[in-house]
Amino acid sequence: MPLNSWTSWPLREALSRAGVSGARLWIGRSMRVLVVVGLVWSTLAGPGFRGWSLVAALAAMALVLLVFRGFFRMTLARRLWPSVALFAVLEAAAFGFQHAGAHAPAIVLWCACAITAMERLPLSAAVPCSAVALGAYAVVNTDNWLTTVATTGGLALAGYVIRLDSEARGNAQRLLAQERAARKAEAESAALTERGRIAREIHDVLAHSLSAQLVHLEAARLLIQRSTDLEADRAQLLERVVACRGMAREGLDGTREALSALRGEMIPVEDFLRRLTATEGVRLDVTGEARALPAEAGLAVRRVAQEALTNVRKHAPGARVHVRLAYTADEVGLEVRDSGGREPVGELAGSGSGYGLLGMRERAELLGGTLESGPDEEGFVVRLRVPA
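Rules used in this analysis
- Residues numbered from 1 in each chain as written.
- Predicted model: local features only at pLDDT ≥ 70, side-chain atom pairs only at ≥ 80, totals over all residues.
- Heavy atoms only, no water.
- Helix = DSSP H or I, 4+ residues; strand = E, 2+ residues; numbered from the N terminus.
- Buried < 20%, exposed > 50% of the residue type's maximum accessible area, 1.4 Å probe, protein only.
- Areas by Shrake-Rupley, 256 points an atom, 1.4 Å probe, with all protein chains shown as cover.
- Phe/Tyr/Trp six-rings, centres within 6.5 Å; stacked < 30°, edge-to-face > 60°.
- Lys NZ or Arg CZ within 6 Å of the ring centre and 35° of its normal.
- Pairing = 2+ DSSP bridges.
- Axes fitted to C-alpha atoms, helices over the stretch in contact; angles between N-to-C directions.
- Contact = heavy atoms within 4.5 Å.

A. Quick peek at the overall build of the protein. Helix and strand counts for the protein stand at 12 helices and 5 strands. Residue burial in the protein is summarised as follows: out of 388 residues, 37% are buried. As displayed, the protein has an accessible area near 21900 Å², and 62% of this comes from carbon and sulfur atoms.

Printed below as a string of structure tokens:
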């Protein structure tokens, strides 16, 4: 047996009532009450206790109960020497009962001390303490030696079995506490992950919305700067301002959609793309068997489509755009291809932060997918693939 198993205390959970069922607690308390009542009755029935001697015996029993309570508290606090001192007091009380003629209380006290010491003390202290208690019991026992040996051995074994049972219960309680702590940490981690997802969605929505607004504001600025007759160009300016207002409203709606998608309350991806392409006046094709997508994958498709169409307005105004959504066995793909666009006017192409596609690529990689973008034969193409 390792040395630390002799010197280490039982687990605190084993020394406490943690994990003990209500029924077991009541059974234990009932047994202790019955033992105390039996001892009191045997003392009252004894011929040697009358008057003040009976009062002294009952007071001694009450004191023993208090010492036992203190012993339990000291062992729970893992204070070795105070525990051993209280154990010595209990042993002395047992010898006092024996000397006064109260044989039943003395024997019960020795047996209880032996079992309790084996259950609650480190083995290096429990073994000698239990041996002292059982040795005193064996000396005063009037049965034959074989019965005495069997009884003392059985009491020692019972104390060790109770110790093992308490240790098993303590280990179960400790594992339960660790599992609860792990679940709490997992819940906190999930909450942080969810907050990160929401923050990323709001960032992407606002970045797209502000970038689109900047496109129209830049066009309005160039129109004002180059116009010689603002009254004649009023309709175009009003169109740009109205478009900016629509983009702002679209950004708010997109933020709400992002939060709804994270809660599983969003419209299907193909319906969203049909609305988007109808608003932009571009062509949409859907191939493969349509199905519900995970929230993150669906949001990635939406954001890439919005960002790609915004880039077309900025860098290739008037271009023909073809959007294709493809469902395959284990992933979903989006392709946005433009061709035949004009050169952007003035500083329109330089508006925006320039991090739109980079953010979309990072989003795809977080999901285990890919995003490719670059010039094509006739224009520019953006391809997204994410597991779904």
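B. Expanded view of the packing of aromatic side chains. Applying the stated criterion to the full structure yields 4 aromatic pairs. Each ring, one from Phe 71 and one from Phe 87, has its centre 6.4 Å from the other, and the planes form 45°; the classification is tilted. Pair noted here: Phe 71 is in helix H4 (residues 52–76) and Phe 87 is in helix H5 (residues 80–100), with a separation of 16 residues, a long-range link. Each of the two residues, Phe 71 as well as Phe 87, counts as buried. Taken together, a centroid distance of 5.1 Å and an interplanar angle of 75° make the contact between Phe 95 and Trp 110 edge-to-face. Separated by 15 residues along the polypeptide, Phe 95 in helix H5 and Trp 110 in helix H6 (residues 103–120) bring together distant segments of the chain. Three or more aromatic residues joined by ring pairs form one cluster here, namely Phe 68, Phe 71, Phe 72 and Phe 87. In this structure, Arg 302 packs its charged tip against the face of Phe 272, placed 5.4 Å from the ring centre.

C. Focus on the sheet that holds strand E1 (residues 283–287). One open sheet accounts for 5 strands, arranged E1-E2-E3-E5-E4; its pairing is mixed. Bordering the open sheet on either side are E1 and strand E4 (370–375), each of which pairs with just one other strand. On average, each strand axis in the sheet is tilted by 10° relative to the strand beside it, whichever way the strands run. Relative to strand E3 (residues 331–339), strand E2 (residues 320–327) runs antiparallel, the two sharing 8 bridges. Bridged to His 322 within E3 is Arg 337. Running over the sheet, helix H10 (residues 269–280) touches E1, E2 and E3 and is turned about 165° from E1.

D. Representation of unusual backbone geometry. The backbone of Arg 78 shows a phi angle near 60°, a positive value even though the residue is not glycine. Structurally, Arg 78 is set in the loop between H4 and H5. Its relative accessible area of 29% is what places Arg 78 among the partly exposed residues.

E. Just the pairing of E3, in detail. Most of E3 is tucked away: 7 of the 9 residues are buried. Between E2 and E3, which follow one another and run antiparallel, lie 3 residues. Where E3 meets strand E5 (residues 379–387), 9 bridges bridge the pair, whose relative direction is antiparallel. Following the sheet pairing, Glu 335 is matched in E5 by Arg 383.

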